[in-house]
Amino acid sequence: MEYIYETHLHTIEASACSSTPGEDYITYMKGLGYSGIIVTDHYFTGNSCVPRDWPWEKRVEKYCSGFEHAKEAAGSDFTVLFGIEYNFHGDEFMIYGLDKKWLLNHPGFETRDRYEVYKMVHEAGAIMIQAHPYRERGYLSEINITPDISDGVEVYNAANPDWQNSLAYEYAVKRGFRMAGGSDIHNFSQENMGGMKFSFPINSIEDYKEAFMAGEGTPVCRMNVHDKPGEFRPVSEFIELTKPTQESTLEVFWH
């Protein structure tokens, strides 16, 4: 049996770029064949809609509310887990293994540099995966790659063009990194979807973290979900997602 999990998802409750309430994702994602989702809203260093002038506890409550609404709506037959997307200088990382209690106990977490965050994350038993490392957008002026603080690489991001995903895939292969896939979904208009496929169910963020670090799970994608029925297929089966056809147009900085 196959189990597909979305690893990169944004809700309107905490991400300024999302238009979808956490609870609304459940029926939709089930319909696409997912067994569960990891809610990874933009943290306070990124495109967050949580007011910066609120007291710390209120900020954390708001930040976690999209995940909590989704989990409440899911019931017992669909898995909803908590994650974080943390932005540094355009380079963003998926953090898996921290929770609301940890955030409440660490005010000022958003003031740390890359290496301090990585140390804190690992001390808490969590992991960091660089999201869409070769992304190019109008709001980005450079690309920052930091292999020393990466527990893995998101080689397939369904919101990225193929050539940017293929550069991420090539980077992961060259460095021998563990590979992840995700949709980076913000609303239901997205055409392509991604995720991680497992041969066993993932019931907790600890399950996901341990499976990923053990090299288990396969990055998968599903194309044109609104145009025709299709199945999730391994990213490795697509030459356009694994063999770069062009180099980055932005300057790449290695840290």
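Quantities reported herein were computed from a predicted structural model and do not represent experimental measurements. (Residues numbered from 1 in each chain as written. Predicted model: local features only at pLDDT ≥ 70, side-chain atom pairs only at ≥ 80, totals over all residues. Heavy atoms only, no water.)

> Please give an account of the nonpolar core that cites residues and values.
Met29, Tyr63, Ile95, Leu103 and Phe109 are the most contacted members of the largest nonpolar core, which totals 45 residues. Among the elements that line this core, the one with the most residues is helix α2 (residues 56–74), at seven residues. In terms of nonpolar packing, the next biggest core, distinct from the first, is built from 20 residues, Tyr156, Leu167, Ala168 and Cys221 among them. (Core = buried A, V, L, I, M, F, W, Y, C linked by side-chain atoms within 4.5 Å. Buried < 20%, exposed > 50% of the residue type's maximum accessible area, 1.4 Å probe, protein only. Helix = DSSP H or I, 4+ residues; strand = E, 2+ residues; numbered from the N terminus.)

> Explain unusual backbone geometry to me, and be specific about the residues and the numbers.
Not every positive phi belongs to a glycine, and aspartate 184 is a case in point at roughly 60°. Here aspartate 184 lies in the loop between β8 (179–182) and β9 (193–198). Note on aspartate 184: relative accessible area 2%, which makes it buried. In this structure, asparagine 224 is a non-glycine residue whose phi angle is positive, near 50°. By secondary structure assignment, the location of asparagine 224 is in the loop between β10 (218–222) and β11 (233–234).

> Can you break down the state of the cysteines residue by residue, with the values?
Each disulfide is one covalent bond, formed between the sulfur atoms of two cysteines. Inspection of every chain in the model, using the stated rule, returns zero disulfides. The thiol of cysteine 49 is not disulfide-bonded; the next cysteine sulfur, from cysteine 17, is found 8.8 Å away. (Disulfide = S-S within 2.5 Å.)

> Any chance you could break down the packing of aromatic side chains for me, citing the residues and the numbers?
Tallying each qualifying case throughout the model produces 23 aromatic pairs. An angle of 70° between the planes, with centres 5.1 Å apart, marks the rings of tyrosine 34 and phenylalanine 232 as edge-to-face. Residue tyrosine 34 is found in the loop between α1 (25–31) and β2 (36–39), and its partner phenylalanine 232 is found in the loop between β10 and β11; the two are separated by 198 residues along the sequence. Each member of the pair, tyrosine 34 as well as phenylalanine 232, is classed as buried. Ring centres of tyrosine 96 and tyrosine 208 lie 5.2 Å apart, and the angle between their planes is 70°; on these two criteria the pair is classed as edge-to-face. Remark: tyrosine 208 occurs in helix α6 (residues 205–213) and tyrosine 96 occurs in strand β4 (residues 92–96); sequence separation between them is 112 residues. Tyrosine 208 matches tyrosine 96 in its accessibility class, with the two residues each being buried. In textbook terms, an aromatic cluster arises when at least three aromatic residues are bridged by ring pairs, as seen for Tyr43, Phe44, Trp56, Tyr63, Phe67, Phe82, Tyr86, Phe88, Phe93, Trp102 and Phe109. Cation over ring: arginine 59 sits above phenylalanine 44, and NZ or CZ is 4.2 Å from the ring centre. (Phe/Tyr/Trp six-rings, centres within 6.5 Å; stacked < 30°, edge-to-face > 60°. Lys NZ or Arg CZ within 6 Å of the ring centre and 35° of its normal.)

> Which residues make up α6, and what values go with them?
Of all the residues in α6, the buried ones are Ile205, Tyr208, Lys209, Ala211 and Phe212. Positive phi appears at glycine 215, one or two residues downstream of α6, with a value of about 80°.

> Mind laying out the side chain of threonine 40, listing which residues take part and the relevant values?
Residue position: threonine 40 is located in the loop between β2 and α2. A relative accessible area of 0% means that threonine 40 is categorised as buried.

> Describe the environment of phenylalanine 78, and please don't skip the residues or the numbers.
Following the sequence through the fold, phenylalanine 78 ends up in the loop between α2 and β3 (79–87). A relative accessible area of 5% means that phenylalanine 78 is categorised as buried. Along the sequence, phenylalanine 78 and isoleucine 38 sit 40 residues apart, while their C-alpha atoms lie 11 Å from each other. Ignoring sequence-local partners within four residues, the contact set of phenylalanine 78 consists of Ile26, Met29, Lys30, Tyr34, Ser35, Gly36 and Ile37. (Contact = heavy atoms within 4.5 Å.)

> Hey, could you go over helix α4 (residues 114–123) for me, with residue numbers and the actual values?
For α4, the complete set of buried residues consists of Arg114, Val117, Tyr118, Met120 and Val121. Each buried residue of α4 lies within a common arc of 165° when the element is viewed along its axis, so the set occupies one face. For α4, the exposed residues set more than 90 degrees away from the buried face come down to Lys119 and Glu123. Check the buried side of α4 and you find it contacts β3, β4, α3 (100–104), β5 (127–131) and β6 (143–145). (Arc of directions from axis to C-beta.)

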